[in-house]
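Residue-level listing of the chains:
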Amino acid sequence: MKYLASLLLFLLFAFCSDNKAPEPVGPLPSERQLAWHDLGYYMFVHFSINTFTDKEWGYGDESPSLFNPSKLDCRQWAKVARDAGMKGIVITAKHHDGFCLWPSKYTEHSVKNSPWREGKGDLIRELRQACDEYGLKLGIYLSPWDRNSSVYGTPEYITYYRNQLRELLTEYGDIFEVWFDGANGGDGYYGGARETRRIDNRTYYDWPNTIQIVRDLQPNAVMFSDAGPDVRWVGNERGIGSLTNWCLLNRDEMYPGGPFAKILGQGHEDGKYWVPAEVDVSIRPGWFWHAREDTMVKSPEKLLDIYYTSVGRNCNLILNVPPDKRGLIHENDVKSLLGFKALLDREFANELARGKKVSASDTRGRKFSPANVNDGNPETFWATNDNVTSADITIDLVKETEVNRILMQEYIKLGQRVQEFKVEALSDGSWKEVVKGTTIGYRIIRKFPTIKASKIKVTILRSKACPVISNIELYRAPGD
Ligand code: FUL
């Protein structure tokens, strides 16, 4: 009897330790950040008075009567976004010129004094409805810099800014992202003063209290700025994420508009907070629509390159598509976006790893089996024992198969861990290195020249703690 009890205890212990998940390695993503990671790719819309004045930065003295789109149709924007595979739209509710796309109670400088819909229009409401119809999330950009406001530069402006933020966060349903731009202060109309006003980026906006308003009113929204708090700028507007890309950042050392481009790309390996990078880039040279740029829309192939250097580098992609004077996304942009979506579908049509036999040099226990990396379930993962920070995992493709892409994901709920890895292919009887890399994080997708491989081996060379890999996919994309 005593013997039986000890045996049961032993078995129970063995079973439990076998199935004990690794301890997390902080910092960790919040729920709202996890939901954001899953979005991957969404639309940015720059549309305002600049669309009608052919400018990128309005001075702030533009008459609202200039805002008069003849065929504005947010449903067209949403349909294009949905058809292009995007998950949401972030709109410039107010750009630096201060003109508001919704009838704000706090200013006359808005659509309510424009001829559009005879001053009764509310573009944010129309976009909300269109997003709902097409299953998209809605985000807002509210420029902190306001070249129209007479009180910009004084404490009164902060109250004005927060009042507007409250309007946007209470009257338009769920907001998934709030975009705080880094461009700040300089010359402007400022209610007729027509002067230069400088502010101290670090202190003027009193960000902690503004951030709290967003948390209180939209707890599920992430906030973007150069320095987070939830999502950081990637440091350039060319569509390029860094190959080494930690989702971690010592954001206390940073502030919007500061000189941090390189750090923003790479993040901090030992950063104190989870603040992943977002790549913002425009489909045209400018952020706003200009007739002369109708022929300069990025090609589907260029957009695919950008997808690889953003979504493929552990970033989200916010792709700007500026509607024209009619209030419609121009035909050339639509064509390019749909062409890009077709390329994307072709690129990832042929997944080769799913269900194939997988083995690893070390495994923590049954629950964390290597087979978890290709079961299609993002909640299961392969993990090694605690003391093992270097290990390999091999997918057996059975027969020699052409491969040229690999997608990998860490199970980031337990933190970002991998510091260095390589990928090899067993081809013609020998192992050939096809990719060398540093970080993985939420997701990376790497290209390599097409190779005929019977096995693909991923070796984690260095990791902060035992590696925790939730997904590996292999593709044979068209072309080389
Ligand atoms: C910049 C702004 O100054 C541009 O006009 C644009 O809105 C871009 C996304 O961010 O900082």
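It should be emphasised that the depicted structure is a prediction, and the values quoted were computed from it without experimental measurement.

About the cut-offs
Residues numbered from 1 in each chain as written. Predicted model: local features only at pLDDT ≥ 70, side-chain atom pairs only at ≥ 80, totals over all residues. Heavy atoms only, no water. Domains from an automatic or database assignment. Contact = heavy atoms within 4.5 Å. Buried area = accessible area lost by both parts, 1.4 Å probe. Near = heavy atom within 4 Å. Polar contact = N/O pair within 3.5 Å; in protein donor to acceptor, adjacent residues only side chain to side chain. Areas by Shrake-Rupley, 256 points an atom, 1.4 Å probe, with all protein chains shown as cover. Buried < 20%, exposed > 50% of the residue type's maximum accessible area, 1.4 Å probe, protein only. Helix = DSSP H or I, 4+ residues; strand = E, 2+ residues; numbered from the N terminus. Core = buried A, V, L, I, M, F, W, Y, C linked by side-chain atoms within 4.5 Å. Pairing = 2+ DSSP bridges. Axes fitted to C-alpha atoms, helices over the stretch in contact; angles between N-to-C directions. Salt bridge = Lys/Arg side-chain N within 4 Å of Asp/Glu carboxyl O. pLDDT = per-residue confidence, 0-100. Parallel < 35°, antiparallel > 145°, perpendicular 65-115°, else oblique. Left-handed = near helix turned anticlockwise from the far one by under 90°.

Would you mind showing me how to read the domain arrangement of the protein chain here?
One widely used convention gives an interface's size as the accessible area the parts lose upon coming together. Examined at the domain level, the protein chain breaks down into domain 1 (31–347) and domain 2 (357–475). Computed over C-alpha atoms only, the centres of domain 1 and domain 2 are separated by 36 Å. Contact residues are listed per partner, giving 21 residues for domain 1 and 20 residues for domain 2. Both sides together, the interface formed by domain 1 and domain 2 hides about 1700 Å², and carbon and sulfur atoms give 54% of it.

I would appreciate a short explanation of the site of the ligand in the present structure.
Around the ligand sit Phe44, His46, Trp57, His95, His96, Tyr141, Trp179, Asp181, Ala183, Glu237, Asp280 and Trp287, and that is every residue in its neighbourhood. Contacts to the ligand include Trp57, whose side-chain N or O atom sits 3.1 Å from an oxygen atom. Tyr141 is positioned such that a nitrogen or oxygen atom in its side chain is 2.9 Å from an oxygen atom of the ligand. Contact with the protein chains hides 89% of the accessible area of the ligand, taken as 290 Å² for the molecule alone.

What should I look at first to understand helix α2 (residues 31–39) in this one?
Think of an α-helix as turning once every 3.6 residues; residues three or four places apart then point the same way. Along α2, the residues that are buried comprise Gln33, Leu34, Trp36, His37 and Leu39. Immediately beyond the C-terminal end of α2, within one or two residues, lies Gly40, with a positive phi of roughly 75 degrees.

Is there a simple way to explain the nonpolar core in this structure?
Trp77 and Leu337 are the most contacted members of the largest nonpolar core, which totals 81 residues. By residue number, the principal contributor to this core is helix α6 (residues 155–170), which donates 7 residues. If you look at the next biggest cluster of nonpolar residues, it comprises 30 residues, including Val373, Phe421, Ile440 and Ala453.

Which parts of the structure should I look at to understand the sheet that holds strand β12 (residues 316–320)?
Sheet strands pair by backbone hydrogen bonding; their relative direction is either parallel or antiparallel. Spatially, the 8 strands close up into a barrel ordered β1-β2-β3-β4-β7-β8-β11-β12, and their pairing is parallel. Direction aside, neighbouring strands of the sheet carry axes that sit 25 degrees apart on average. In this sheet, β12 lies alongside strand β11 (residues 277–282) in parallel orientation, the contact comprising 5 bridges. Bridge pairing in β12 links Val279 to Leu317. In the packing of helix α5 (residues 123–133) onto the sheet, the strands contacted are β2 (88–94) and β3 (137–142), and the crossing angle to β2 comes to about 175 degrees.

Help me out: how do you make sense of the environment of Asn404 in this one?
Counting through the fold element by element, Asn404 comes out in strand β15 (residues 391–410). In the structure, Asn404 is positioned 71 residues away from Tyr475 in sequence and 6.1 Å away in space, judged by C-alpha atoms. Not counting chain neighbours up to four residues away, the residues in contact with Asn404 comprise Arg446, Lys447, Phe448, Pro449, Thr450, Tyr475, Arg476, Ala477 and Gly479. Of the polar contacts made by the side chain of Asn404, one reaches the backbone nitrogen of Ala477; its length is 2.7 Å.

I tried to follow the pattern of salt bridges on my own but got confused; where do I start?
Pairing of side chains with opposite charge becomes possible as their charged atoms draw close. Going through the model one piece at a time under the given rule, you end up with 32 salt bridges. A salt bridge links Asp187 to Arg147; the nearest nitrogen and oxygen atoms lie 3.1 Å apart. Taken as a pair, Asp187 in strand β5 (residues 186–188) and Arg147 in the loop between β3 and α6 lie far apart in primary sequence, 40 residues in all. Assessed through its relative accessible area of 6%, Arg147 is described here as buried. The shortest N-O distance in the salt bridge between Arg405 and Glu347 comes to 2.8 Å. A residue pair is termed long-range when its members are at least 10 positions apart, and Arg405 in strand β15 and Glu347 in helix α10 (residues 331–347) qualify at 58 residues. For the pair shown, Arg405 and Glu347 are each scored as buried. Within this structure, Arg32, Arg215 and Asp230 form a network of salt bridges that share partners.

Got a minute to help me understand the confidence of the model for the protein chain in this structure?
Note that predicted coordinates carrying low pLDDT should not be read in detail. Considering every residue of the protein chain, the mean pLDDT works out to 95; 96% of them sit at 70 or more. Low pLDDT (under 50) marks residues 10–14, which in the prediction has 0 contacts with non-local residues, meaning those over four places away or in another chain.

Looking at this model, I keep getting lost on the environment of Gly429. Mind explaining?
Along the polypeptide, Gly429 turns up in the loop between β16 (418–427) and β17 (430–437). Classification of Gly429 by relative accessible area gives exposed; the value is 71%. As for Gly429 and Ser454, which are separated by 25 residues in sequence, their C-alpha atoms are 8.9 Å apart.

Honestly, the packing of α6 against helix α7 (residues 207–217) in this entry has me stumped. Any pointers?
How two helices sit against one another is set out by the angle between their axes and by the gap between those axes. In the contact formed by α6 and α7, the axes pass within 10 Å of each other and the chain directions differ by 15 degrees. Taken together, the axes of α6 and α7 lie roughly parallel to each other. You can see that α6 and α7 cross each other, and the crossing is right-handed. Facing α6, whose interface residues are Tyr161, Arg162, Leu165, Arg166, Leu169 and Thr170, α7 presents Trp207, Asn209, Thr210, Ile213, Val214 and Leu217.

How do you make sense of α7 when you look at a structure like this?
For α7, the set of buried residues is Trp207, Thr210, Ile213, Val214 and Arg215. Tucked inside the fold, the buried residues of α7 contact α2, α6, β4 (175–179) and β7 (222–225).

What is the right way to read unusual backbone geometry from this model?
Glycine aside, negative phi is the norm for most residues, and most peptide bonds take the trans geometry. Omega for the bond connecting Gly26 with Pro27 falls within 30 degrees of zero, at -5 degrees, which places this linkage in the cis form. For Pro27, the position within the fold is in the loop between α1 (2–18) and α2. Of the consecutive residues Gly228 and Pro229, the connecting peptide bond is found in the cis state with omega at 20 degrees. Positionally, Pro229 belongs in the loop between β7 and β8 (231–233). Even without a glycine there, the phi angle at Asn314 is positive, about 65 degrees. In this structure, Asn314 sits in the loop between α9 (300–310) and β12. For Asn314, a relative accessible area of 4% puts it in the buried group. Even without being glycine, Asp428 reaches a positive phi, approximately 55 degrees.

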